[in-house]
Amino acid sequence: MTFSVPDTSVRPEGEAPGLTTRLVHHAYQPPAGFAAPQPPVYKASTVIFPTVAAMRAREWKDKTSYTYGLHGTPTTYQLEERLATLEGGAQCLLVPSGLAAIANVSLALLRTGDEVLIPDNAYGPSKALAEVELRHYGIRHTVYDPMDLADLAARITPATRLVWLEAPGSVTMEFPDLAEQVRICRARGVVAALDNTWGAGLAFAPFDLAPGSEPLGVDISVHALTKYPSGGGDVLMGSITTRDQALHLRIKLAHMRLGLGVGANDVEALLRSLPSTALRYAAHDRAARELARWLQSQPAVVQVLHPALPGSPGHEHWQALCGPHQGVQGAQGGQGLAAGLFSMVIDERFGQDAVDAFCDGLRLFKLGYSWGGPMSLVVPYELASMRERPTPHLKPGTVVRFSIGLEDVEDLRADLAQALLGAFGGA
Ligand SMILES: *Cc1c(COP(=O)(O)O)cnc(C)c1O
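Each value, and the rule that gives it
- Residues numbered from 1 in each chain as written.
- Predicted model: local features only at pLDDT ≥ 70, side-chain atom pairs only at ≥ 80, totals over all residues.
- Heavy atoms only, no water.
- Helix = DSSP H or I, 4+ residues; strand = E, 2+ residues; numbered from the N terminus.
- Rg over C-alpha atoms; globule rule 2.2 N^0.38 Å.
- Buried < 20%, exposed > 50% of the residue type's maximum accessible area, 1.4 Å probe, protein only.
- Contact = heavy atoms within 4.5 Å.
- Near = heavy atom within 4 Å.
- Polar contact = N/O pair within 3.5 Å; in protein donor to acceptor, adjacent residues only side chain to side chain.
- Areas by Shrake-Rupley, 256 points an atom, 1.4 Å probe, with all protein chains shown as cover.
- Nonpolar A, V, L, I, M, F, W, Y, C, P; charged D, E, K, R; others polar.
- Salt bridge = Lys/Arg side-chain N within 4 Å of Asp/Glu carboxyl O.
- Core = buried A, V, L, I, M, F, W, Y, C linked by side-chain atoms within 4.5 Å.
- Domains from an automatic or database assignment.

Q: Break down the overall build of the chain for me, citing the residues and quoting the values.
A: Per the secondary structure count, the chain includes 14 helices and 12 strands. Over its C-alpha atoms the chain spans a radius of gyration of 25 Å, differing by no more than 12% from the 22 Å that the globule rule assigns to 427 residues. By its C-alpha atoms, the chain is 90 × 50 × 45 Å across when sized along the principal axes. Here the chain holds 427 residues, and the buried ones make up 50% of them. For the chain, the proportion of contacts with a sequence separation of at least 24, taken over those separated by at least 6, is 75%.

Okay, here's the thing in structure tokens:
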């Protein structure tokens with residue numbers, strides 16, 4: 001086997017370099033040809049060029065070479081390519097969080113005088129970014145009703161450059177007519193960016209929303225890998241997937257200028273958990289649907305918000321996109337696919353104190369944000385402070401959201417039962 005030995009002979013008369021020099025520039029090179037199931041973890045800020053000519057000819061626009069750790073290593077390139085495959089896109093960029101993905105897209109595509117549209121049930125911090133930073137930069141945002149196509153169409157103006165979409169909203173779980181929303185954006189020449197964290201590239205194909213008919217897909221899919229692809233509740237990362245090279249480059253340039261790098265250890269964790277995402281997603285889904293159906297029969301619960309349950313807001317749109325024999329895995333599931341996330345509305349005759357007591361009374365469900373990990377989580381929400389538009393489709397009461405983990409579903413049911421009884425009695 002041949003491998004190149006670095007030339008470290010800088011001292012006269014062949015004298016060996018000093019000890020520290022030899023530790024930094026060591027002569028030993030491991031043999032090539034090592035193979036193992038997991039991709040190697042390359043850690044780098046500095047990337048070494050073989051010659052000045054190579055340094056000058058550096059190419060950062062695609063994955064043909066390397067320039068600087070911030071702009072990609074073999075490890076990050078591999079995760080990006082796998083995520084592009086998962087989401088059905090052509091290019092993918094990694095960012096330090098799901099929220100950073102949203103910020104990167106907005107900062108890349110919007111400038112002073114532009115407008116961005118955000119659904120009223122959007123991920124909260126995405127709205128906060130528009131309300132503070134974007135506004136400071138002279139970028140206006142308008143909130144639209146995700147369940148009213150006419151409202152979306154009416155709010156697009158000549159200044160609108162970007163429409164954010166979510167399917168479903170991750171607290172109140174309304175599932176919009178995503179394909180029609182994208183058609184409206186397309187007809188008006190506005191970029192449609194989906195926060196695809198819930199679908200995770202599994203429940204439906206964001207770049208192929210109307211299989212069989214004319215090609216129809218979002219322009220951009222951002223994904224909080226923090227949730228299902230990580231699956232551990234221990235890694236923060238986001239991705240931005242596109243199918244259009246020019247759009248990808250606009251976002252990538254902003255990504256470089258903003259310095260949105262990711263850590264190699266986090267990428268390693270994602271590369272390890274990614275192959276099991278579909279299995280875990282299906283398991284979270286099964287358990288969540290079982291518990292959501294059971295909660296429908298509980299007297300204190302006036303509404304269960306889960307897009308796969310008939311009667312839940314936008315259920316018909318979930319059915320059309322993710323239902324049996326739709327979506328990416330539809331042929332396998334038979335039940336369609338949904339994430340392990342749902343909410344319930346507690347009857348308004350119980351006050352916030354009783355709802356807080358219910359959440360505090362849970363023993364296996366823990367109080368905490370985020371979702372997609374092995375541990376079941378619960379969060380009570382004060383909807384009034386979160387929405388600008390009326391929500392007639394939601395029954396009056398207090399919204400409590402669950403992320404169903406991987407515990408035994410019978411244990412989770414027993415935990416819910418004891419906490420319901422403790423907080424609301426026989427209701
Ligand atoms: C969690 C989440 C994000 C943000 O992801 P982070 O990695 O926590 O920043 C964005 N959108 C949705 C829908 C989310 O659930």
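Right, picking up where we left off after that structure.
Q: Pulling in residues and values, what's your account of the site of the ligand?
A: As a matter of local geometry, the ligand sits amid Ser97, Gly98, Leu99, Tyr123, Ser170, Asp195, Thr197, Ala224, Thr226, Lys227, Leu236 and Trp371. Leucine 99 has a polar backbone atom sitting 2.9 Å from an oxygen atom of the ligand. When the ligand is considered free in solution it has 380 Å² of accessible area, and contact with the protein chains removes 91% of it. Of the residues in the shell around the ligand, the class split is five nonpolar, five polar and two charged.

Q: Summarise the pattern of salt bridges; cite the residues concerned and give the values.
A: Side chains that differ in charge, positive against negative, can pair when their charged atoms come close. Evaluation of the coordinates by the stated rule reveals 16 salt bridges. Residue glutamate 174 pairs with arginine 387 through a salt bridge whose shortest N-O separation is 3.0 Å. With a gap of 213 residues between them, glutamate 174 in the loop between strand 4 (160-166) and helix 7 (178-187) and arginine 387 in the loop between strand 11 (377-381) and strand 12 (397-403) connect regions that are remote in the sequence. Here glutamate 174 and arginine 387 have matching classes, each one buried. Glutamate 410 is the salt-bridge partner of arginine 413, the closest N and O atoms lying 2.8 Å from each other. One end of the pair is arginine 413 and the other is glutamate 410, both in helix 14 (residues 409-424) and three residues apart, which spans about a single turn.

Q: I'd like a description of the side chain of histidine 248, backed by residues and values.
A: Mapped onto the elements of the fold, histidine 248 is located in helix 8 (residues 245-258). Judged by its relative accessible area of 6%, histidine 248 is buried.

Q: With reference to specific residues and values, describe the nonpolar core.
A: Nonpolar side chains tend to gather and get buried jointly when the protein is soluble and globular. Of all hydrophobic cores here, the largest spans 46 residues; its most connected members are Val163, Leu165, Trp198, Phe204, Leu209 and Tyr281. In terms of residue count, the dominant contributor to this core is helix 7 (five residues). Structurally, this core is a two-domain feature, drawing no fewer than three residues from each of domain 1 (52-276) and domain 2 (277-424). Listed in part, the 31 residues of the second largest apolar core include Trp294, Leu295, Phe358 and Leu416.

Geometric descriptors of this kind do not, in isolation, establish any biological role.
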